[in-house]
Amino acid sequence: MSPMLEVKDLRGGYGLVKVLHGLDFHVNESEVVVILGANGAGKTTTLRAISGMIQTTGSVKLAGEEINSAKPADIVRKGVAHVPQGRGTFPELSVEDNLTVGAYARKDNEVQADMDKWYEIYPVLFERRTQTAGSLSGGEQQMLAVARALMSRPELVLLDEPSLGLAPLIVEDLFERFAEINKKSGTTLLVVEQNAQLALGIADRAYVLEAGTIAIEGDAADLIDDDTIRKVYLGI
Amino acid sequence: MQLFVQRLFDALANGSTYALVAVALVLIFKATTLVNFAQGELAMLGAFVTLVLAYEQGIPMWLAVFLAMIILGVFAAGVERVLIRPFDPADHLPLVIITLGLFLGINAMAGIVWRFDPRSFPELFPSGNAFTWGSASLRWYTVFTVLTVLVTIGLLQLLLNKTKIGLAFRAVSSNLESSELVGIRVGPTLQFGWALAAAVGTLGAAVYVADPFRQLEPSIMLRVLIFAVSAAALGGLDSLWGALAGGIAIGAIQSLVVPYVPFIPNELGLAAAVVVLMLVLLVRPAGLFGTPAVSRV
Amino acid sequence: MPIKILAGSSQHQLYKVITWSLFALLVAGVAFAYVDVGSISLGENNYNISLIRLNKAIAFAIAILGLQVVAGFTGQLALGQSFFFGMGAYASAWLMADHDWPFLLTFIVVVPLCFVIGIVMGLPALRIQGLYLALVTLGFAAVFPAIVKLDRLFSITNGVGGKATGPDGRKYKLEPPEWLPLDGIAETLQKIPLLGGYFGDGGISSKQEERMWAFMMFTLIAVVCFWMVANLIKSRQGRAMRAVRDNPTGAAVSGIDLARTKAMSFGIASALGGVGGAVYVAEVGLASPDDFTQLLAINFIVGLVVGGVGTLSGAVVGGLVIALVPDWASSTQEVGFLPERWLQGPTGSLILGLLLILLTFFLPGGIVSAARTLKNKIVRIIPRGPNGEVPGGASLATPVTADDTPDEPDSPVDELVGAVD
């Protein structure tokens, strides 16, 4: 059986600036995989390439199907959700509209049920459902962004630095939630993170990205114990 | 006093028609932060199409207006697809230039096809007065124009707030990139915005020239566009009700303030509108009802 | 392989002298050849390129040069250039007609007047940005005719009828000086074998003399304007302008006074608009309110884009296009397959609109960028390094990449085919 996501020789970037220099990695079904790396290593670019936001060469296969030349709107319909860096909510829209629009690509009648489920998980979103997303705090916006992404009932969720700019307690809570989502529904997660300790804590496997190529790969548990790797790449 | 009331009525009539064109501008600005300089010319084209349908095809007037709105909507959708979509929405200069080119092109085309002699336009609303008080009279035209604007904005609000395409439209105007990431097809959504704007603009031009005191000719919308742009900018360029408020305010300046302030001569209604626009922008760069652009650094 | 000339070398000096001389000869030649009704025939249609059209083109080119300064080089969408064009025209006409000033003297009023009003009207732009500024300035352009039609200004502007440049509604006469024997020169030119026919035959009437003199004088005014702007762009001020255009925040933190730089560019652009207007009214003889509407402002934008945004030579191309295209379009009587009706309306505006759209699509750099590529195939000036060192042989063989610093306007040919970024 082919993995959920299989990336081969991914190259590309922004105009003349090439960021990715031949990436190979894969994510199996129901796995949590984390991509670590310093600023500018190409983590965000990798996620943007997967969800079709930038033009790249190479192969990106979702459950065996090539999606590298597909448009973002079609990739979403194939079951990929992307929580971009800096939340990516719709600041002028109400919380409720943010969740509704998250289910934009769906055609079933259970949108309201899913929304209620998220209101239960994050009661604060229910309290603020008529407020605009722009008026929420950073932590609340990140909850909303995650909930919005999962409203599309994805099979694979791409999370881009979810911990960025959030207080440590909120971050811990958020990562617990990720682990829970993964366990309960078997949703596959691909997380890009600088907070290596937390991310490795919930991950099954990890890749370390360096200057647009995969420098190290291995089980999360092994990486967290390897002293050299800890010092050089993870800074913990 | 009666003169004042009469002018108040004039302000309402003028202001509402400016508001309709302003709403069209706002629809496009909301989605793309682009001011469509060709909006007035598209509306003028719509009025001519209405006239052709009504006179040459013998279609009933209101049906002709409705068909013209659809025709112009389709035309504008085509314009968006061919001339606008190839450009990066974040780079304004080429887009402004394209809309200015459209402005010149459509105006000249209309001049070639229909010539510049004014044509009378059939009345859309009952003639006569709804209400008379001494020398002041409220024309049915004014009543129905105001109603048309209110109904139009009301329907647009419903469309934007209660339908799926409306949600997509608001999402695209709020965050283009995230809209793609939730599966919205951004291009067709913006195209829908263009079509909607052209249809509303067509209605605006038809209502404007349906005033028995006005006639239709290809440069009819040049002045109206300036008033409408001022109205839209006063209202903040991204708010529908703001466009209405801006339209009424500009109408009021034109027919109330200018005649009463001795040092502003009458002919300067246009200038007064531009000056007010400038002053408002100086104090509130996002307009009176606009959402100030918040950028987190 | 293009001819390569090293900047500052003796060949370079010679190149400059030759190209400038050719330019002067061209101006004189055009003046004599097209004084009456020079025309090009295509099929049944005659296209007029008489000096009347060329003089208008010069006026437009100067106004577009102003737009280049404010929109092209400083990046401010102040698009209401027709306002200052009209103001310059009226001020100049009023001084000539009511105060008996000679034409050239009116510039000492027109230039400071437009400069100051440009700065005053530009002040809001320090707060209003981008599209909003475009809206406000186009609004002002639309308002100009209403202002000059005001009853209160009737004694100066003569209302709807328009202001003539001479007394009693006549045209101000630009008489050539005594020392310039235009008549004699014409006769000499006519004696040139083969080419002589282009310069007409027989003597030159006083009217023709006036027209030639006007053309030469306007050309000179334009050359002075272009020379000053070329130097401005190279100066510290010009670098500040381009910095404001490319990255306002970066410019501000580098110590550039944003407000001052923007205000200066508004002032200079408006002054150039005024100069253009003064030239225009001297040619036309009448400043008429409805000549200066927002449509003229939009035509100037067409000129800006068609020539090439951010190029000085683009202003010349733009001026020619917006002066000649509408005129030629209306003098076209027959084009094979097109129904006649299509040629009897505002066909010129239609062509300008189409040109605007097509160029934005296919030639975003305008006509100048295309011409520049062509010129680089023939002659290439190799710039010296910052300390005057001569680039090595290897670099002479490799193509010189365009950098952001404008080259010196070496010659009118460079001017025309683009020396400045």
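Residues numbered from 1 in each chain as written. Chains lettered and ligands numbered in written order. Predicted model: local features only at pLDDT ≥ 70, side-chain atom pairs only at ≥ 80, totals over all residues.

Per the secondary structure count, chain B includes 11 helices and four strands. Taken over C-alpha atoms, the radius of gyration comes to 19 Å for chain B, in line with the 19 Å a tight globule of 297 residues would show. Seen through its principal axes, chain B has C-alpha atoms that stretch 60 × 50 × 35 Å. Of the contacts made within chain B by residues no fewer than 6 positions apart, 73% connect residues no fewer than 24 positions apart. (Helix = DSSP H or I, 4+ residues; strand = E, 2+ residues; numbered from the N terminus. Rg over C-alpha atoms; globule rule 2.2 N^0.38 Å. Contact = placed C-beta atoms within 7 Å.)

Looking now at the overall build of chain A. When its secondary structure is counted, chain A shows 10 helices and 10 strands. Against the compact-globule benchmark of 18 Å for 236 residues, chain A has a radius of gyration of 17 Å, which places it among compact chains. Burial statistics for chain A: of 236 residues in total, 46% are counted as buried. For chain A, the proportion of contacts with a sequence separation of at least 24, taken over those separated by at least 6, is 68%. (Buried ≥ 20, exposed ≤ 12 C-beta atoms within 10 Å, placed from the backbone.)

Between helix α11 (residues 269–283) of chain B and helix α5 (residues 130–148) of chain C, the shortest axis-to-axis distance is 8 Å and the interhelical angle comes to 155 degrees. The angle between α11(B) and α5(C) falls in the class roughly antiparallel. Our pair here, α11(B) against α5(C), has a crossing hand that is left-handed. Contacts between α11(B) and α5(C) pair L270(B), A271(B), V274(B), L277(B), M278(B) and L281(B) from the former with Y132(C), V136(C), G139(C), F140(C), A142(C), V143(C), A146(C) and I147(C) from the latter. For the contact of α11(B) with α5(C), the residue count by class is 13 nonpolar, one polar and no charged. (Axes fitted to C-alpha atoms, helices over the stretch in contact; angles between N-to-C directions. Parallel < 35°, antiparallel > 145°, perpendicular 65-115°, else oblique. Left-handed = near helix turned anticlockwise from the far one by under 90°. Nonpolar A, V, L, I, M, F, W, Y, C, P; charged D, E, K, R; others polar.)

Our focus in this paragraph is the sheet that holds strand β9 (residues 205–210) of chain A. Two orientations exist for strands paired in a sheet by backbone hydrogen bonds: parallel and antiparallel. All names here are of chain A. One open sheet holds the six strands; their spatial order is β6-β7-β8-β3-β9-β10, and the pairing between them is mixed. Both outer strands of the open sheet, β6 (80–83) and β10 (213–219), are each paired with one neighbouring strand and no more. Going from strand to strand, the sheet's axes swing by 15 degrees on average, the running direction of each strand aside. Pairing of β6 with strand β7 (residues 156–160) involves four bridges; the strand directions are parallel. (Pairing = 2+ DSSP bridges.)

So, about the interface of chain B and chain A. Listed as interface residues are 15 residues of chain B and, on the opposing side, 21 residues of chain A. Breaking the side of chain B that touches chain A down by element, the ones donating at least two residues are α6 (164–174) and α7 (176–181) of chain B. The greatest single-element share of the side of chain B that touches chain A, amounting to five residues, is contributed by α6(B). Taken together, the residues that form the side of chain B that touches chain A break down as six nonpolar, five polar and four charged.

It is worth spelling out unusual backbone geometry at this point. All names here are of chain A. Even without being glycine, A63 reaches a positive phi, approximately 50 degrees. Its location among the elements puts A63 in the loop between β4 (56–62) and β5 (65–66). Of note, R153 is a non-glycine position whose phi angle comes to about 50 degrees, a positive value. When you line up the elements, R153 lands in the loop between α6 (138–150) and β7.

With that out of the way, let us pick up the nonpolar core. What tends to happen in soluble globular proteins is that the nonpolar side chains get buried as a cluster. In this structure, V34(A), A22(B), L25(B), A228(B), I62(C), L65(C) and V275(C) are the most contacted members of the largest nonpolar core, which totals 297 residues. Beyond its immediate sequence surroundings of up to four residues, I62(C) is in contact with A222(C), C225(C), L272(C), V275(C), G276(C) and V279(C). (Core = buried A, V, L, I, M, F, W, Y, C linked by C-beta atoms within 7 Å.)

In this section: the interface of chain C and chain B. With 36 residues of chain C at the interface, the matching set in chain B holds 33 residues. Among the elements of the structure, α5, α12 (294–307) and α14 (347–362) of chain C are those that each provide at least two residues to the side of chain C that touches chain B. Sorting elements by how many residues they give to the side of chain C that touches chain B places α5(C) first, with 12 residues. Here the side of chain C that touches chain B is built from residues that sort into 24 nonpolar, seven polar and five charged.

All names here are of chain B. In this model, chain B carries a mean pLDDT of 85, and residues with pLDDT of at least 70 account for 93%. Ranking the elements of chain B by mean pLDDT puts α11 last with 79 and helix α3 (residues 61–84) first with 94. Listed scores for the predicted complex are pTM 0.82 and ipTM 0.86. (pLDDT = per-residue confidence, 0-100.)

Residue and element names in this part refer to chain A. Read across the open sheet, the four strands follow the order β2-β1-β4-β5; overall the sheet is antiparallel. Every interior strand has two partners, whereas the edge strands, β2 (17–27) and β5, have only one. The sheet contact formed by β4 and β5 spans two bridges and is antiparallel. For L62, the partnering residue across the bridge sits in β5 and is E65. The sheet contacts of helix α1 (residues 43–50) involve β1 (5–14), β2 and β4, and relative to β2 the element is tilted by about 70 degrees.

Residue and element names in this part refer to chain A. The residue V192 is located in strand β8 (residues 188–193) in this model. Sequence separation of V192 and Q85 is 107 residues, and the distance between their C-alpha atoms is 9.5 Å. When residues no more than four places from it in sequence are discounted, the contact partners of V192 are I35, K43, T44, L47, L159, D160 and E161.

Another point: the environment of T187(A). Note on placement: T187(A) falls in the loop between α7 (168–185) and β8. Sequence separation between T187(A) and T100(A) is 87 residues; the distance between their C-alpha atoms is 20 Å.

What follows is about helix α8 (residues 186–209) of chain B. An ideal rise of 1.5 Å per residue puts 34 Å on 24 residues; α8(B) measures up with 35 Å between its terminal C-alpha atoms. Burial of α8(B) is extensive: 22 of the 24 residues sit out of reach of the surface. (Expected span 1.5 Å × (residues − 1).)

Residues and elements named next belong to chain A. With six bridges connecting them, β1 and β4 associate as antiparallel partners. Across the sheet, R11 pairs through a bridge with T57, a residue of β4. Count of turn residues in the β4/β5 antiparallel hairpin: two residues, of which A63 carries a positive phi of about 50 degrees.

All right, on to helix α5 (residues 140–162) of chain B then. Residue and element names in this part refer to chain B. With 23 residues, α5 should reach 33 Å at 1.5 Å per residue; the first-to-last C-alpha distance of 32 Å fits that figure. Those residues of α5 that sit buried are Y141, T142, T145, V146, T148, V149 and T152. Contacts made by the buried residues of α5 are with α1 (2–32), β3 (136–139), α8 and α10 (240–260).

This next bit is on the environment of P89(B). All names here are of chain B. Here P89 shows up in the loop between α3 and α4 (92–114). Judged by the 16 C-beta atoms lying within 10 Å of it, P89 is partly exposed. Along the primary structure P89 and L234 are separated by 145 residues, whereas in three dimensions their C-alpha atoms are 24 Å apart.

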